[in-house]
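Geometric and topological summary
Single-letter residue listing:
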Amino acid sequence: MRIVLLGPPGAGKGTQARRLAESTGMTHLSTGDMLRSEVASGTELGLLAKKFMDSGDLVPDSNIIAMIQQHIDDPAGVLLDGFPRTIVQAKSLDKALDQISLPVDQVVHMAVDIDELIRRLSSRVVCKECHTPYNLELDPPLESGICDQCAGDVIVRDDDKPDAVKNRMKVYEELTAPVLDYYQLHRNVAEVMATGTPDAVFAKLTKAIGSGAPFN
Ligand code: AMP
């Protein structure tokens, strides 16, 4: 199975993809997490990516495609979170999967209105080490500033600061929303209103994905 989770920044793709991966054994592929690891390790890709990420811009398609390509045939199945984010990426994913005779099995669009997104992003913090996200209002870490999972530092992402958030929304509208149109032209896209508690969204998602998928 290859499932694409689409949705604007702050829709909860990362949180839900983690849970779906836990419940299904599928591999969670988050291009954002992969890039943050590259930045933390100071690799060439990380150095290049950081300046785009900090301002809320997209990292060039060629770098993203090269980074993700080797993972898409993972036999455990993959949950794609944050990829594809441009039409070029969506077409290159189709082409790469075509070459190995595998389809995108499902596309799920997680929809949330803009005021709610801004509210979520402005109270979001993440673990610097394992990338677990927290919401300071609804779901803070048990000990302030310390990750429940790995005891790493919990921080505000540079791209969750107000100017970067504004730019990420603009980039989403201009470059990523057309990916939704692209998939809607070619296949059924499951629509999920990603509002309510994480448990409620998870229930909606598993139901939407449900048919034929190895969920338990
Ligand atoms: P995310 O954690 O998915 O919100 O991604 C954080 C940042 O990483 C984005 O704002 C982009 O700068 C970069 N990024 C993640 N995925 C992609 C992608 N598929 N294409 C280009 N840039 C990406």
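Going by the structure above, here's the rest.
Quick look at the structure, then. (Residues numbered from 1 in each chain as written. Predicted model: local features only at pLDDT ≥ 70, side-chain atom pairs only at ≥ 80, totals over all residues. Heavy atoms only, no water.)

1. Observations regarding the packing of aromatic side chains
We count it as follows: Each Phe, Tyr or Trp ring (for Trp, its six-membered ring) is paired with any other whose centre lies within 6.5 Å, and the angle between the two planes then decides the class: stacked below 30 degrees, edge-to-face above 60, tilted in between. Only when the NZ of Lys or the CZ of Arg is both within 6 Å of the ring centre and within 35 degrees of the ring normal is a charge said to sit over the ring.
Counted under the stated rule, the structure contains one aromatic pair. Over the face of the ring belonging to phenylalanine 202 we find arginine 19, whose NZ or CZ atom lies 4.5 Å from the ring centre.

2. Regarding the packing of helix 6 (residues 114-122) against helix 7 (residues 162-186)
Here is the rule we go by: Angles here are taken between N-to-C directions and fall from 0 to 180 degrees, while the axes themselves are lines fitted to C-alpha atoms, restricted in helices to the stretch in contact. Secondary structure counts use DSSP, requiring at least four H or I residues in a row for a helix and at least two E residues in a row for a strand, with both numbered from the N terminus. Geometric relationships in this document are graded by angle, where less than 35 degrees denotes roughly parallel, more than 145 denotes roughly antiparallel, 65 to 115 denotes roughly perpendicular, and other angles denote oblique. Crossing handedness is defined as follows: a turn of the near helix away from the far one that is anticlockwise and smaller than a right angle gives a left-handed crossing, while the clockwise case is right-handed. Any two residues whose heavy atoms approach within 4.5 Å at even a single point are treated as in contact. Polar here means any residue other than Ala, Val, Leu, Ile, Met, Phe, Trp, Tyr, Cys and Pro, which are nonpolar, and Asp, Glu, Lys and Arg, which are charged; Gly is therefore polar.
Where helix 6 meets helix 7, the axes come as close as 11 Å, and the angle between the chain directions of the two elements is 140°. Judged on the interaxial angle alone, helix 7 and helix 6 are oblique. Read as a crossing pair, helix 6 and helix 7 show a hand that is right-handed. Note on element contacts: helix 7 touches helix 6 through Val165, Arg168 and Met169, opposite Ile114, Leu117, Ile118 and Leu121. Broken down by class, the residue content of the contact of helix 6 with helix 7 amounts to six nonpolar, no polar and one charged.

3. Points about the nonpolar core
Defined as follows: Buried Ala, Val, Leu, Ile, Met, Phe, Trp, Tyr and Cys residues form a nonpolar core when they are joined through side-chain atoms within 4.5 Å. Burial classification: accessible surface area is computed with a 1.4 Å probe over protein chains only, and a residue below 20% of its type maximum counts as buried, one above 50% as exposed, and the rest as partly exposed.
By size, the foremost hydrophobic cluster in this structure holds 27 residues, and its most contacted members are Val4, Leu35, Leu80, Leu93 and Tyr183. Put simply, the parts of the chain that give this core at least two residues each are strand 1 (2-6), helix 2 (31-41), helix 3 (44-55), helix 4 (61-69), strand 3 (78-81), helix 5 (87-99) and helix 7. Excluding its chain neighbours within four sequence positions, the residues that come into contact with tyrosine 183 are Val4, Leu6, Pro84, Ala90, Leu93, Val107 and Val189.

4. Things to note about the pattern of salt bridges
Applied cut-off: One speaks of a salt bridge when a side-chain nitrogen belonging to Lys or Arg is within 4 Å of a carboxyl oxygen belonging to Asp or Glu.
Under the definition given, this model contains 13 salt bridges. The partner of lysine 50 in a salt bridge is aspartate 54, and the shortest N-O contact between them spans 2.5 Å. Separated by four residues within a single helix, lysine 50 and aspartate 54 lie in helix 3, roughly one turn from each other. The residue aspartate 158 makes a salt bridge to lysine 161 at a minimum N-O spacing of 2.9 Å. Through salt bridges with shared partners, one network takes in Arg124, Arg157, Asp159, Asp160 and Arg168.

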